[in-house]
Number of protein chains: 4
Amino acid sequence: MSKQAFHAIVAGVGGGTGRSVACRFARNYPVVLLARRPESFNDVVAEIQKSGGKALGVVADITDPASVTSAFETIKKEMPGSRLAAAIYNVNSGFARKPFLELKREDLDTSLDGTVRGGFSFAQAALPLLLESVPDSPYPPSLIFTGATASIKASANFATFAAGKFALRALTQSLAREFGPKGVHIAHAIIDGFIDTPRVRELMKDVDALDEKMIKPDAIAESYWALHTQHRSALTQELDLRPFTETF
Amino acid sequence: MSKQAFHAIVAGVGGGTGRSVACRFARNYPVVLLARRPESFNDVVAEIQKSGGKALGVVADITDPASVTSAFETIKKEMPGSRLAAAIYNVNSGFARKPFLELKREDLDTSLDGTVRGGFSFAQAALPLLLESVPDSPYPPSLIFTGATASIKASANFATFAAGKFALRALTQSLAREFGPKGVHIAHAIIDGFIDTPRVRELMKDVDALDEKMIKPDAIAESYWALHTQHRSALTQELDLRPFTETF
Amino acid sequence: MSKQAFHAIVAGVGGGTGRSVACRFARNYPVVLLARRPESFNDVVAEIQKSGGKALGVVADITDPASVTSAFETIKKEMPGSRLAAAIYNVNSGFARKPFLELKREDLDTSLDGTVRGGFSFAQAALPLLLESVPDSPYPPSLIFTGATASIKASANFATFAAGKFALRALTQSLAREFGPKGVHIAHAIIDGFIDTPRVRELMKDVDALDEKMIKPDAIAESYWALHTQHRSALTQELDLRPFTETF
Amino acid sequence: MSKQAFHAIVAGVGGGTGRSVACRFARNYPVVLLARRPESFNDVVAEIQKSGGKALGVVADITDPASVTSAFETIKKEMPGSRLAAAIYNVNSGFARKPFLELKREDLDTSLDGTVRGGFSFAQAALPLLLESVPDSPYPPSLIFTGATASIKASANFATFAAGKFALRALTQSLAREFGPKGVHIAHAIIDGFIDTPRVRELMKDVDALDEKMIKPDAIAESYWALHTQHRSALTQELDLRPFTETF
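Residues numbered from 1 in each chain as written. Chains lettered and ligands numbered in written order. Predicted model: local features only at pLDDT ≥ 70, side-chain atom pairs only at ≥ 80, totals over all residues. Heavy atoms only, no water.

**Some thoughts on the relation of the copies chain C and chain D**
Formally: Overlaid copies result from least-squares superposition on C-alpha atoms, with residues included only where pLDDT is at least 70 in both.
With an RMSD of 0.0 Å, the operation that places chain C on chain D is a rotation of 180° combined with a shift of 0.0 Å along the axis. Expressed as a symmetry operation, the mapping of one chain copy onto the other fits a two-fold axis.

Laid out in structure tokens, this is it:
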């Protein structure tokens, strides 16, 4: 077993999934949290540290390539000698639900920024580090992307939302085919359902048996950890995750 | 039968497909050709006029929403009283084949511009006109998009190319679900193979039996016309087109 | 142009699609109709002959390989010197809509018989003849299969129906990859909607605007003809056909 | 925590995957192994018992519904009071790789028997038991099916193999939609690669770096266990598993 130190990076920790993923990976690695504003990660950093883990929050605007580059330089300085074991892209891309003729070009750009454009910058920063980790990493170094139902089905009134999600899925497929043989595990999770967050609970408070209809963020995090720890002879590129109650 | 006049618009006529589609639709409708530079459409306009059809070239930068809006205003002025029967989006989105870490953010943006961003602007300009044509159009007013193998499979070294193509496909699916029930036919063609153009012939001149390995643009055009003339009770949202020799 | 005579074979002419396809192809070829009972094809044969076409009904149980072999021998005798230009597999596979635990093994076998097992026998009989036609046929010799929504989506309560349809789709994909390069066009049409037949009209008589919600069999037939006449440089392996009103 | 006892059933333990899955699940449950011949399960039963687990071999011909029923009756008698927590269908369906015109009807039937027909019988026997386990099972009672590359892509020369695999996949999708909301987890794993067994090692002994090109059965088993232990709010219906070296 190598004495090499490893860490994980989670981009997008405002919502429920990012927090849960960070906490789950923090049980094994120091975790870096990227978010646009410190308010998004401060509580999670504190929570991880309180439970004995190590966490570092770094401000980054994932839609700005220069900001991503700068964040990765900060990480390098703050974690000298540590290598990257896992990078999770979990950025919210907005959610414009509108008839097509009411959508604005900005709706499309916001969706693309939070999905494929952000994912592109994040992957370009993370992949050289993940490649370096291949020889010594306890598990195949992993780059995991969060997708949605709209990654594979473009419904009416979700044109821009689905466009971004489809594009991000394409990115992950292409990366899997290029970097899989080099030892990096690229995975894409299709989250098919509402995630149990305070905001969603408020929005859906009148739904019957609501508790059974939402995905628990901790359950997503457990599956991401299972993805990360897969043996390199049996890697998953894509899986779906949905509540048992969900129709599909 | 209505005495209403109808026309078609083809965006992207530089390569072989746009020219063939324009010529095929010109057998039934006056055709408007959109391209960034007049050199791209001048010959096709002349060819259509020579064979007795009507054609109009309009300069438009499909990646610039203002330019698309302006082009549609020009069309309205130039073709008073005529309605839109078919709009074909056939824009070239560039083709960066590179290892992911050599790709630039510009490669991604070029791909998105020529696919989903251009398609978005084009659809926003064309759909109100196509909706107006529903009651009188001889066939269901049609909005047809040209896709590629990379629309459904993201290969290694094609990350940005596939991202754009996936996103454009998402756009067409969402539009089909929204505008199909309103009477507009939204179709997406997956062109799986090299198209027989002088440029491709030159690039592949050493390939054996080359003539059997390329798609004839006229054959694509024939299938687009078959799509346009489908009865509204049996519309195709997506089909693939490939040479008989192609492996897939 | 060859002086060779060509004919088409349509398996499954009980319902609306088979009749329409036979009539459409009869405008260009003598057509052979296969059905289990003469009552299924007699009227269509008469209709085609009345309108000046040539038609021949042959009794065959598509689920019985010996019966299929025997039917093809009959066709050979009855149409001396004629070659096969197109074969359409349009057999009804039953439609058991039941909770899984109420389904019987017979429901599964009935579904498999009418889909992949029948299609297998039909393809084994037709393909040698289609291969012979490659050099002279006016269009790429074609083997077209009718699929359904359940070919790509297995809904609850349709386990056996979908199993057969998925299996038939697999057969067509594999055949396309093997026989496409040999010059035979293998196509699969996903019919996504109710077909306008007297029986469906009766079942759905209380549905509002029913006429807009059903696929016209003649429209399916037109698309099958368009498939058959595609140029070999641009063949479609799969397309969907649905009414403009259909949600998907 | 319930005091209820639970067990698992694995159908198909001749090859490498069945053995590994049985051993993995035996770390938590008594495991029943179904195979046509005792020689297929004797060693695995002994191995599990030696390592302190409980295992029971039951002879069953999965392609014969009566044999499956009888096997489940035997299990009921042999494990009084124990409930079913997980059932894994991992039956080998033969593997006819031949040009289509050389395939026999028997090749098709062998493929269907080992896939959808066997899976149908197995699911009909297992699902009532899994439903009973919903209230008390430590994890969502699970029915997991082993698929293959051919479950989603039907290559040339694999017509019958793919037909069976597609059909089995349809079965799992339909069951997921019906039994997911009732609390049973239905999953389908697409095994995309050669599995590391003595037989495959012998067949591929001349392949370079062979060890990196095969899936370790223990790695598949680990992912099946991860599937079984997913929280019901985030269940995976389908995932792929492939060696990091595999092209796809």
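From this point, the discussion proceeds with the structure in view.
**Some points on the relation of the copies chain B and chain A**
Inclusion rule: Note on contacts: a residue pair qualifies if any of its non-hydrogen atoms lie within 4.5 Å across the two residues.
For the pair chain B and chain A, the best superposition has an RMSD of 0.0 Å and corresponds to a rotation of 180° with a translation of 0.0 Å parallel to the axis. Counting the interface residues of chain B, we find that 100% of their copies in chain A are interface residues as well, pointing to one common contact surface.

**What to know about the nonpolar core**
Put simply, the rule reads: Residues grouped as a nonpolar core are buried Ala, Val, Leu, Ile, Met, Phe, Trp, Tyr and Cys residues, joined through side-chain atoms within 4.5 Å. Think of it in three bands: with a 1.4 Å probe and only protein chains considered, a residue is buried below 20% of the maximum accessible area for its type, exposed above 50%, and partly exposed in between.
By size, the foremost hydrophobic cluster in this structure holds 82 residues, and its most contacted members are Leu34 of chain A together with Leu34 of chain B. Other than its neighbours up to four places away in sequence, Leu34 of chain A contacts Ile9, Val10, Ala11, Gly12, Val13, Phe41, Val58, Ala60, Ala71, Phe72, Ile75 and Phe122 of chain A. Judged by nonpolar contacts, the second largest core, of 81 residues, contains Leu108 and Ala176 of chain C together with Phe72 and Ala126 of chain D.

**Quick word on the pairing of strand S9 (residues 238–241) of chain D**
Residues and elements named next belong to chain D. Convention followed: Helical segments are the DSSP runs of H or I of at least four residues, strand segments are the runs of E of at least two, and each set is numbered from the N terminus. A pair of strands is labelled paired if DSSP reports no fewer than 2 bridges between them.
Burial along S9 is two-sided: Glu238 and Asp240 and Leu239 and Leu241, pointing in opposite directions, are all buried. Here strand S6 (residues 185–191) runs beside S9; their pairing, made up of 4 bridges, is parallel. Note on S9: the bridge partner recorded for Ile190 is Asp240.

**Examining the packing of aromatic side chains**
Our working definition: Within 6.5 Å between ring centres, the rings of Phe, Tyr and Trp (the latter by its six-membered ring) count as paired, and their orientation is classed by plane angle as stacked under 30 degrees, edge-to-face over 60, tilted in between.
Counted under the stated rule, the structure contains 44 aromatic pairs over all chains. Between Phe95 of chain B and Phe158 of chain B, the ring centres sit 5.4 Å apart and the planes meet at 50°, which makes this aromatic pair tilted. One end of the pair, Phe95 of chain B, is in the loop between strand S4 (82–89) and helix H4 (105–133); the other, Phe158 of chain B, is in the loop between strand S5 (142–148) and helix H5 (159–179), with 63 residues separating them in the sequence. What makes Phe95 of chain B exposed here is its relative accessible area of 51%. The class of Phe158 of chain B is buried, set by a relative accessible area of 14%. Between the aromatic rings of Tyr89 of chain C and Phe145 of chain C, the centroid separation amounts to 5.9 Å while the plane-to-plane angle is 50°, which identifies the pairing as tilted. Of the two residues, Tyr89 of chain C is situated in strand S4 (residues 82–89) and Phe145 of chain C in strand S5 (residues 142–148); the sequence distance between them amounts to 56 residues. Pair check on accessibility: Tyr89 of chain C and Phe145 of chain C agree, each one buried.

**Quick word on the interface of chain B and chain A**
What counts, and what does not: As a working definition, buried area equals the accessible area (1.4 Å probe) given up by two parts on being put together, with both sides summed. Every case where a carboxyl oxygen of Asp or Glu lies within 4 Å of a side-chain nitrogen of Lys or Arg is listed as a salt bridge.
In this complex, chain B contributes 43 residues to the contact, which on the side of chain A involves 43 residues. Here chain B packs against chain A, burying approximately 3400 Å² in sum over the two surfaces, 65% of which is carbon and sulfur. Looking at the side of chain B facing chain A, the largest losses of area belong to Phe100, Arg105 and Phe120 of chain B, adding up to 22% of the total buried there. Inspection of the region where chain B meets chain A yields 2 salt bridges. Notably, a salt bridge pairs Arg117 of chain B with Asp109 of chain A, separated by 2.8 Å at the nearest N-O pair. Counting only elements with at least two residues in the side of chain B that touches chain A, the list comes to H4 and H5 of chain B. No other element matches H5 of chain B, which puts 15 residues into the side of chain B that touches chain A.

**Digging into the pairing of strand S1 (residues 5–11) of chain B**
Residues and elements named next belong to chain B. So the rule is basically this: Look down the strands so they point away from you; if going from the first strand over the helix to the second traces a clockwise path, that crossover is right-handed.
Of all the 7 residues making up S1, 6 are buried; the element is thus mostly covered by neighbouring parts of the structure. Pairing analysis gives 7 bridges linking S1 to S4, with the strands arranged parallel. Across the sheet, residue Ile9 finds its bridge partner in S4, namely Ala87. Note that S1 and strand S2 (residues 31–35) share 4 bridges and pair parallel. When the bridges of S2 are listed, Val10 appears paired with Leu33. Each parallel crossover has a hand, and the one from S1 via helix H1 (residues 16–26) to S2 is right-handed.

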